[in-house]
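# Report on the structure
Listed here are the chains, written in short residue letters.
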Amino acid sequence: MERTGKLAVWLLTLGGVLSVVAVVAATGLGVVARYFHISGVTWSFELVGILFLWVTAFGTVLSEIRHENVSIDGVVATPGRIKGTYHAIVLLIVAVVMIWSGWAMLGRTAFTPTPVMRAPSWIMQATIPLMGVGLGLIALLRLFRLTR
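Everything numeric here is computed off the predicted structure, so don't read it as measured data.

### Regarding the packing of aromatic side chains
The geometry of an aromatic ring pair comes down to the distance between the two centres and the angle between the two planes. If you walk through the whole model with that rule in mind, you get 2 aromatic pairs. Taking the centre distance of 5.0 Å and the plane angle of 85° together, the rings of Tyr35 and Phe36 count as edge-to-face. For Tyr35, a relative accessible area of 62% puts it in the exposed group. Owing to a relative accessible area of 54%, Phe36 belongs among the exposed residues under this scheme. A ring pair is formed by Trp54 and Phe58, whose centres lie 5.8 Å apart and whose planes are at 40°; its orientation type is tilted. Taken together, the residues span about one helical turn, with Trp54 and Phe58 both in helix H2 (residues 43–65) at a distance of 4 residues. A relative accessible area of 18% places Phe58 in the buried class.

What counts as what
- Residues numbered from 1 in each chain as written.
- Predicted model: local features only at pLDDT ≥ 70, side-chain atom pairs only at ≥ 80, totals over all residues.
- Heavy atoms only, no water.
- Phe/Tyr/Trp six-rings, centres within 6.5 Å; stacked < 30°, edge-to-face > 60°.
- Buried < 20%, exposed > 50% of the residue type's maximum accessible area, 1.4 Å probe, protein only.
- Helix = DSSP H or I, 4+ residues; strand = E, 2+ residues; numbered from the N terminus.

Below, the structure written as structure tokens:
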């Protein structure tokens, strides 16, 4: 189980790093194209927006794994059994809402093309339910550890 967790963290980290590298490259390409008046590269800024969502999704799950996500110190400063359970339940509720609303959004607009690249919208929208699944798994694992 520990090896599976390390592999998942490694894959999330790899996805995040590749997304950041792609954001930098696409932004650089767009800047160079604007500077040299090269037309036809407007898609790079749409790609940056999509990749930024993926960077956020990977970063949110990774920071929650490492207990570095945004939180209120009074709630998590001394994570005893009660506070830990409370935090895990709230995280699980947030995850369920993200999965439910993300799935509903995908059901309505998944194949609507993006304005410039004409890519299906699920490329952006999949970040919400995937983030929810990641956060939900973290919450369930924390609840499981607290009840042992």
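After that view, the rundown keeps rolling.
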